[in-house]
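The chain contents come next:
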Amino acid sequence: MNILLLGSGGREHALAWKLASSTLTDRLFCAPGNAGIAQEAECVALDITDHAAVIAFCKANTIDFVVVGPEGPLVAGVVDDLEAAGLKTFGPTKSAARLEGSKGFTKDLCRANAIPTAAYERFTSAEPAKAYVRRQGMPIVIKADGLAAGKGVVIPEGMPEAEAAIDMMFGGGLGQAGAEVVIEEFLVGEEASFFALCDGETAIPLASAQDHKRVGEGDTGPNTGGMGAYSPAPVMTPEMTARTMNEIVVPTLRAMKAMGAPFKGVLFAGLMITKEGPKLIEYNVRFGDPETQVLMLRLMSDFLPALIASRDGQLKSFDLRWYPDAALTVVMAAKGYPGDYERGSAIEGLEEAAQVQGVEIFHAGTKAVGGRITANGGRVLNVSAQGKSVSEAQTRAYQAIDRIRWPKGFCRRDIGWQAVKRETSAG
Ligand SMILES: Nc1ncnc2c1ncn2[C@@H]1O[C@H](COP(=O)(O)OP(=O)(O)O)[C@@H](O)[C@H]1O
Ligand SMILES: [Mg+2]
């Protein structure tokens, strides 16, 4: 089969690495890709927001199956357009992608189906929103309804910050994404990411992961797209996994099907594991980044047949096998990220780094310039490793990082600290 993967980050590099190893794959293309993905796939300079251009490429290159990485094209209906053109595509339709595209939509779905989530109200103007915050008091969580690239959630320290956030959102600070606002109860617990592959009716759990969102060590400083992740997440015990499937994922699939928007693709539940059990923070309708990098390292089975079964509605009798090993990934970012940073600095030592046992280096934002790898984004590399434990995977990842020569880059040195602490105290 000829496969086209859409996207250009570390998530797509990990997916390309896995798809390239499938026995079903003849040619693998990636649009637009990056310098690391180019080692696994033929990169094509396509504008993936131009659905007609994607369709034309698929027809010209007899593409049999398309895999969509990022949420933007999914929420914009790329699956609907490709399928209408006769192209088999992995991922949710536009109406199913509302689970990520509108936080208010998801909250209402939870309320209507008794899915555990934070108490909330939806607002379309500033004054009632502020009055609600005043009544509820702190702590509270203020969220823009639409896609905001990780910038749409504010947990204010006090009323002035809450009012400023509400005014920013309704004032157009986040564009259309802030035209509606959800205000919700602050949940206490440990966060986990949970992934399930869905075919509209059946869901099969993939694996759990935990990520580190803050830029600084000890989980401090501004939020980022993610500075590292590891899998499995120790809080996701078999009991928590079963409860998450039964109380959150399965009722969501049932509700989506009942409203004529069956969900196909990967459902990524952001969870808070509270004293009462798992509660849904939000849904994403695609693979997590950087969680996918660790998931792909742990996956033993060929992944492509599973993605095809998701699209075809055939997951019922499907089974995926996983290595018992843990995996961990450390993000190397350009100095300054998540604020301003430079592009174009050279990165050396990647080959020596990749020789550390169990290590796989995925590129998140790189460009090859005259035979050298250069930084071409905020998050640039995902240095990933397998190990018998999270501690071993962590040691290997940092051994590899110590072989990389990139003075303009940085990383956190404590990725996986909670799991390592648990492992150390367990003996
Ligand atoms: N109700 C809540 N209680 C406590 N923390 C929350 C709550 N909602 C969101 N958060 C925190 O804010 C982060 C971002 O919120 P999320 O809904 O996942 O939005 P997005 O990923 O789209 O920015 C979460 O990972 C979590 O740390
Ligand atoms: Mg989130």
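Structural notes, computed from the coordinates.

**Looking at the packing of helix α1 (residues 10–20) against helix α10 (residues 291–298)**
Part 1: The contact between α1 and α10 brings their axes to 8 Å, and the two run at 15°. One way to sum up the angle between α1 and α10 is to call them roughly parallel. Taken as a pair, α1 and α10 cross one another with a handedness that is left-handed. Contacts between α1 and α10 involve Gly10, Arg11, Ala14, Leu15, Trp17 and Lys18 from the former and Thr292, Gln293, Met296 and Leu297 from the latter.
Part 2: Grouping the constituent residues of the contact of α1 with α10 by class yields five nonpolar, three polar and two charged.

**Remarks on the site of ligand 1**
Part 1: Taken together, 15 residues are adjacent to ligand 1, and Lys143, Glu184, Glu185, Leu187 and Glu191 come closest.
Part 2: Between an oxygen atom of ligand 1 and a side-chain N or O atom of Lys103, the distance comes to 2.9 Å.
Part 3: The contact in question runs from an oxygen atom of ligand 1 to an N or O atom on the side chain of Lys143, over 2.7 Å.
Part 4: Expressed as a share of its isolated accessible area of 540 Å², the protein-covered part of ligand 1 is 82%.
Part 5: Residue assignment for the shell around ligand 1 shows that the elements contributing at least two residues are β7 (140–144), β9 (181–185) and β14 (277–284).

**With respect to the side chain of Asn34**
Part 1: Take Asn34: it is sitting in the loop between β2 (27–32) and β3 (42–43).
Part 2: One polar contact links the side chain of Asn34 to the main-chain carbonyl oxygen of Ser8, over a distance of 3.0 Å.
Part 3: A distance of 2.9 Å separates a polar side-chain atom of Asn34 from the backbone nitrogen of Ile37.
Part 4: Non-local contacts of Asn34, meaning those with residues more than four positions away in its chain, are made with Ser8, Gly9, Cys43, His363, Ala364, Gly365 and Thr366.

So, how was this worked out
Residues numbered from 1 in each chain as written. Chains lettered and ligands numbered in written order. Predicted model: local features only at pLDDT ≥ 70, side-chain atom pairs only at ≥ 80, totals over all residues. Heavy atoms only, no water. Axes fitted to C-alpha atoms, helices over the stretch in contact; angles between N-to-C directions. Helix = DSSP H or I, 4+ residues; strand = E, 2+ residues; numbered from the N terminus. Parallel < 35°, antiparallel > 145°, perpendicular 65-115°, else oblique. Left-handed = near helix turned anticlockwise from the far one by under 90°. Contact = heavy atoms within 4.5 Å. Nonpolar A, V, L, I, M, F, W, Y, C, P; charged D, E, K, R; others polar. Near = heavy atom within 4 Å. Polar contact = N/O pair within 3.5 Å; in protein donor to acceptor, adjacent residues only side chain to side chain. Areas by Shrake-Rupley, 256 points an atom, 1.4 Å probe, with all protein chains shown as cover.

In short, the description is geometric, and any link to function would need to be established separately.
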